[in-house]
Amino acid sequence: MTSRAADFLKDRIDFSPVQAWVAQRKIPQHKHSFWYYFGGLALFVLTIQIITGIMLAFYYSPTPVKANESVRYIMEKVHYGWLIRSIHFWGANFLIAVVLVHMFSTYFTKAYRKPREIMWVLGVIILALILTSAFTGYLLPWTTLSYFATKIGTSMPLYVPFVGHFISRLMVGGADVGAATLTRMFTLHTIVLPILWLTIIAIHVFLSQVLGLSTPLSQRSTRDETKLFPNFMMRQAAVWSGALAVLISFVALFPEGLAAKVNPVLPAPAGIKPEWYFLFVFQTLRTFPDVIGLGGITLGAIIWMLVPFLDRKASNGEKSTFFTLFGVAIIVYLVTMTVMAYITTEVH
Amino acid sequence: MFALVLDAAADSLASAIPSFTDRFNFALPLIVVLLIVMFFLLIKVYALENQPHDRLVKKSQTRKRTGP
């Protein structure tokens, strides 16, 4: 049956150029090859997010009256609803962690150097869009924590000169977080952002196939290669299988619960904190004046995105110790701020 | 109709998440299957990469000689 279907397609479409291209595709093999699997792993987790997200959207209702109740309905009445929601919750955390590992491994192996500068810039944009997806998805259960976290998040653009009020108003859809905000966040989370990141990821993956995978400067003498199909893809599938086992373990051990519906009239509860991936922003704003903190993070993100164009040495195939140290400094800053925010319980 | 169902669900104070045992009765077999798949793939790719090239050649030659 399968071969008849294959013959049917072969008679009509000429796949030989694709088959020839796949057959000749090679992946560099060296002692840092391990990091190559994180890009594919990010795509795999993203696929899980898309599938579970569609399943949740079948039942979710983006209105302040029904939002929390519809999530409760998913958890209590829908078959395996608790499982799908927990996979979506842990999947988001895994996705951000995997994308961060992918980004920093790319950075320290200097894979951003010429001719892959555009891939790096697109990668940073993808990370920003995924973080925005996480932020917009956070409000959807309409709980006290998600409500006040969104209130803080949507007030941040107010520090941006000239256009800050417009951006904040555009996100909130009114004077305060409410029905309009929920509809906007849902639309952004399920339509606008997925279209944006899917388009940019498609270009990112296309470029990685056209340009091939980068070999680290220290491994350029290595000439070992492995076939993309079946060798590399079999290993990649093994990584996916292991990662899914870890994800299911997290879901079974720490399933995501549902807090009570928010009462916007009540004041913000003491000790609220954002998710781990936004703790560094939270702590930066507690440590420095808001304008300096947000300005510093924005400037740092712009420099980070432009690193391939600033690191001339790496592009010329030379060691660039300054940028390695810059990357280490960024990691130290992110970890320090995250740990500081985690161990303190002050209210922002 | 949907609003009524939602109200009924909201009124229910039953725990939304199954018990630890129920969760693991579901998760454990899945985790075992995924780990078996993972090791199967790793063993398969190891065997593929460590197969002596000349053995492959000999096999194909033998097949040619004994074929119809």
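Predicted model, so just to flag it, every value in this text is computed and none were measured.

Participant: What am I meant to see in the overall build of chain B here?
Facilitator: Helix and strand content of chain B: three helices and zero strands. If you list the helices and strands of chain B from N to C, you get α-α-α. Per element, the accessible surface of chain B, about 5400 Å² overall, is 68% carbon and sulfur.

Participant: Even after reading the chapter, I still don't get the environment of Thr183 of chain A, so can you show me in this structure?
Facilitator: Residues and elements named next belong to chain A. Along the polypeptide, Thr183 turns up in helix α9 (residues 179–211). A relative accessible area of 39% places Thr183 in the partly exposed class. When the C-alpha positions of Thr183 and Val78 are compared, they lie 23 Å apart, and in sequence the two are 105 residues distant.

Participant: Can you walk me through the interface of chain A and chain B in this structure?
Facilitator: Facing the 31 residues of chain A at the interface are 28 residues of chain B. Both faces considered, chain A and chain B share a buried interface measuring about 2600 Å² in area, 78% of it formed by carbon and sulfur atoms. Its largest share of buried area at the contact with chain B, chain A owes to Glu76, Trp82 and Met234 of chain A, together 20% of the area lost on that side. Our count for the chain A to chain B interface comes out at one salt bridge. Here Glu49 of chain B ties to Arg235 of chain A by a salt bridge, and the two come within 2.6 Å at their closest N and O atoms.

Participant: Just to check I follow, could you spell out the packing of aromatic side chains for this structure?
Facilitator: Each pair of aromatic rings is reported with the distance of its centres and the angle of its planes. Residue and element names in this part refer to chain A. In total, this model carries 29 aromatic pairs over all chains according to the counting rule given. For the ring pair Trp90 and Phe254, a centre distance of 6.3 Å and an interplane angle of 50° mean the geometry is tilted. With Trp90 in helix α5 (residues 81–108) and Phe254 in the loop between α10 (228–253) and α11 (279–287), this residue pair connects regions lying 164 residues apart in the sequence. In this structure Trp90 comes out as buried when scored by relative accessible area, which is 17%. Accessibility expressed as a relative area gives 46% for Phe254, which makes it partly exposed. Aromatic ring contacts, followed pair by pair, group Phe104, Tyr107, Phe108, Tyr112, Trp120, Trp304 and Phe326 into a single cluster. Lying across the ring of Phe8, Arg12 places its NZ or CZ 3.7 Å from the centre.

Participant: For this particular structure, what's the right way to read unusual backbone geometry?
Facilitator: A negative phi angle is the norm for most residues apart from glycine, just as the trans form is the norm for most peptide bonds. All names here are of chain A. A cis geometry characterises the amide bond from Lys114 onward to Pro115, with omega recorded as 10°. Examined against the element boundaries, Pro115 turns out to sit in the loop between α5 and α6 (117–138). The omega torsion of the bond from Phe229 to Pro230 falls at 0°, within 30 degrees of zero and hence cis. Checked against the element boundaries, Pro230 lands in helix α10. The phi angle at Lys110 is positive, at roughly 55°, despite the residue not being glycine. Looking at where Lys110 falls in the secondary structure, it is placed in the loop between α5 and α6. Residue Lys110 is classed as buried on the basis of its relative accessible area of 5%.

Reading guide: rules and limits
Residue positions are given per chain, counted from 1 along the sequence in the order it is written. The naming scheme follows written order: chains are lettered A onward, ligands numbered 1 onward. Local features in a predicted model are, by the rule used here, given only for residues with pLDDT of at least 70; side-chain atom pairs are given and counted only at 80 or more, and totals for whole chains, interfaces and linings are based on all residues. Processing note: side-chain calculations cover all non-hydrogen atoms of the structure and skip hydrogens and water entirely. What counts as a helix is a DSSP run of H or I of at least four residues, what counts as a strand is a run of E of at least two, and both are numbered from the N terminus. All accessible areas in this document rest on Shrake-Rupley with a 1.4 Å probe, and a residue is counted as covered only by the protein chains that are shown. In this scheme, a residue with accessible area under 20% of its type's maximum is buried, one over 50% is exposed, and one in between is partly exposed, where area comes from a 1.4 Å probe on protein chains only. Between two residues, a contact is recorded if the distance between any of their heavy atoms is within 4.5 Å. Buried area counts how much accessible surface, traced with a 1.4 Å probe, disappears from two parts once they are put together, with both parts' losses summed. For this document, the term salt bridge refers to a Lys or Arg side-chain nitrogen within 4 Å of an Asp or Glu carboxyl oxygen. The pairing test for Phe, Tyr and Trp rings, Trp by its six-membered ring, is centres within 6.5 Å, and the orientation test on the planes gives stacked under 30 degrees, edge-to-face over 60, and tilted for anything in between. Sitting over a ring, as applied to charges here, requires NZ of Lys or CZ of Arg to be within 6 Å of the ring centre and within 35 degrees of the ring normal.

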